[in-house]
Amino acid sequence: MNTEFFKQPRILDGGMGQELLARGMEPNGTLWRANALLQEKYHQLLLDTHLDFIKSGAEIIVTTTFTTRRLRLRDNGVENKFEYLNTKAGEIAKKAKDLNPHVLVAGGLPPQYLTYEEDRKNFYEQAKLLNPYIDFFYFDVLSSVREFKLAIEAIESFHKPYLIGAHISEGVKLPSGEKISEIISSIKHKNLLGLILSCVSPENYALN
């Protein structure tokens, strides 16, 4: 894709988990939006929600993979569904794109929160499953330079650009205590599309 894409303002989709609940999806433990992938009866609902975000102006949709990381699935007793859930998320997002070719699909890679080597491995395994269906990777609500480095190393072999979604819990620093600028200055970037703030308040956004 054109790495100049984010040189102008772009619109991403909205909060998928809350929207699915508002549309009638029943909660299931802490699977949140992953429940729409786990249960086939919600697949059409998930597709329709992707499509409605697009109708509302979204130029980018993010795969429904924030809660399909191994740790969250393990906590809910469905880690054996890891490959199925991530693949299905890619398939449904790609189907929405096929109906709207102008839209881009971002492969959402959330924090892994395991050990150093496990994080790298799990970033890679999730990215590998999403890769056939997406235009670029999106590091969704990561909280430290270390996490971004691991994620970037994990996707290197796929030769796709990435968008960084940095989380600021409060003030002007990452939860790790590092400055946002360190994400740029301390990492050698090759395919960076841009850096956005993820899951922050409007006030916190303005401050940063």
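Residues numbered from 1 in each chain as written. Predicted model: local features only at pLDDT ≥ 70, side-chain atom pairs only at ≥ 80, totals over all residues. Heavy atoms only, no water.

Draft legend 1. Focus on the packing of helix α3 (residues 43–55) against helix α5 (residues 82–99). One can describe the packing of α3 onto α5 by two numbers: an axis separation of 10 Å at closest approach and a directional angle of 45°. With respect to each other, α3 and α5 are oriented oblique. Along this stretch, α3 crosses α5, giving a crossing that reads as right-handed. On α5, the residues touching His43, Leu46, Leu47, His50, Leu51 and Ile54 of α3 are Tyr84, Lys88, Ile92, Ala93, Lys95, Ala96 and Leu99. For the contact of α3 with α5, the class distribution of residues is nine nonpolar, two polar and two charged. (Axes fitted to C-alpha atoms, helices over the stretch in contact; angles between N-to-C directions. Helix = DSSP H or I, 4+ residues; strand = E, 2+ residues; numbered from the N terminus. Parallel < 35°, antiparallel > 145°, perpendicular 65-115°, else oblique. Left-handed = near helix turned anticlockwise from the far one by under 90°. Contact = heavy atoms within 4.5 Å. Nonpolar A, V, L, I, M, F, W, Y, C, P; charged D, E, K, R; others polar.)

Draft legend 2. Expanded view of the side chain of His50. Its place among the elements puts His50 in helix α3. Apart from residues no more than four positions distant in its own chain, His50 is found in contact with Asp13, Met16, Ile61, Val62, Thr64, Ile92, Ala93 and Ala96.

Draft legend 3. How the structure looks around α3. The first and last C-alpha atoms of α3 sit 18 Å apart over 13 residues, in line with the 18 Å expected at 1.5 Å per residue. If you check which residues of α3 are buried, you get His43, Leu45, Leu46, Leu47, Thr49, His50, Leu51, Phe53 and Ile54. Among the structural elements, α1 (16–22), α2 (35–38), β1 (60–62) and α5 are those in contact with the buried residues of α3. Looking one or two residues beyond α3, the residue adopting positive phi is Gly57, at roughly 120°. (Expected span 1.5 Å × (residues − 1). Buried < 20%, exposed > 50% of the residue type's maximum accessible area, 1.4 Å probe, protein only.)

Draft legend 4. Region of the structure containing the sheet that holds strand β3 (residues 136–142). Strand order across the open sheet formed by five strands is β1-β2-β3-β4-β5, with parallel pairing between neighbours. Both edges of this open sheet fall to β1 and β5 (192–197), since each of them pairs with a single strand only. Between one strand and the next, the sheet's axes are offset by a mean angle of 25°, whatever the strand orientation. Pairing geometry for strand β4 (residues 162–166) and β5, over five bridges, is parallel. If you follow Ala166 over to β5, its bridge partner there is Leu197. (Pairing = 2+ DSSP bridges.)

Draft legend 5. Region of the structure containing the pattern of salt bridges. Under the criterion given, the structure shown has 14 salt bridges. Linking Arg23 and Asp52 is a salt bridge whose minimum nitrogen-to-oxygen distance equals 2.9 Å. Of this pair, Arg23 sits in the loop between α1 and α2 while Asp52 sits in helix α3, and the two are 29 residues apart along the sequence. The class of Arg23 is partly exposed, set by a relative accessible area of 33%. Across the salt bridge formed by Arg70 and Glu79, the nearest N and O atoms sit 3.4 Å from each other. Residue classification places Arg70 among the buried positions, given a relative accessible area of 17%. Residue class for Glu79 comes out partly exposed when judged on its relative accessible area of 25%. Each of the salt bridges in this network shares a partner with another, and the network as a whole consists of Arg70, Arg74, Glu79, Lys121 and Glu125. (Salt bridge = Lys/Arg side-chain N within 4 Å of Asp/Glu carboxyl O.)

Draft legend 6. Geometry of the packing of aromatic side chains. On inspection of all chains with the given rule, the structure shows six aromatic pairs. Taking 6.0 Å as the distance between ring centres and 85° as the angle between the ring planes, the aromatic pair formed by Phe6 and Phe136 counts as edge-to-face. Of this pair, Phe6 sits in the segment before α1 while Phe136 sits in strand β3; the two residues are 130 residues apart in sequence, bridging distant segments of the chain. Judged by centre distance (5.5 Å) and plane angle (15°), the ring pair of Tyr124 and Phe158 falls under stacked. One end of the pair, Tyr124, is in helix α6 (residues 116–130); the other, Phe158, is in the loop between α7 (145–155) and β4, and 34 residues separate them in sequence. Accessibility expressed as a relative area gives 34% for Tyr124, which makes it partly exposed. We classify Phe158 as buried; its relative accessible area is 14%. The structure contains a cluster of three or more aromatic residues connected by ring pairs, namely Phe5, Phe6 and Phe136. The aromatic ring of Phe5 is capped on one face by Arg10, whose charged end is 3.8 Å from the ring centroid. (Phe/Tyr/Trp six-rings, centres within 6.5 Å; stacked < 30°, edge-to-face > 60°. Lys NZ or Arg CZ within 6 Å of the ring centre and 35° of its normal.)

Purely geometric stuff here, so don't read any function into it on its own.
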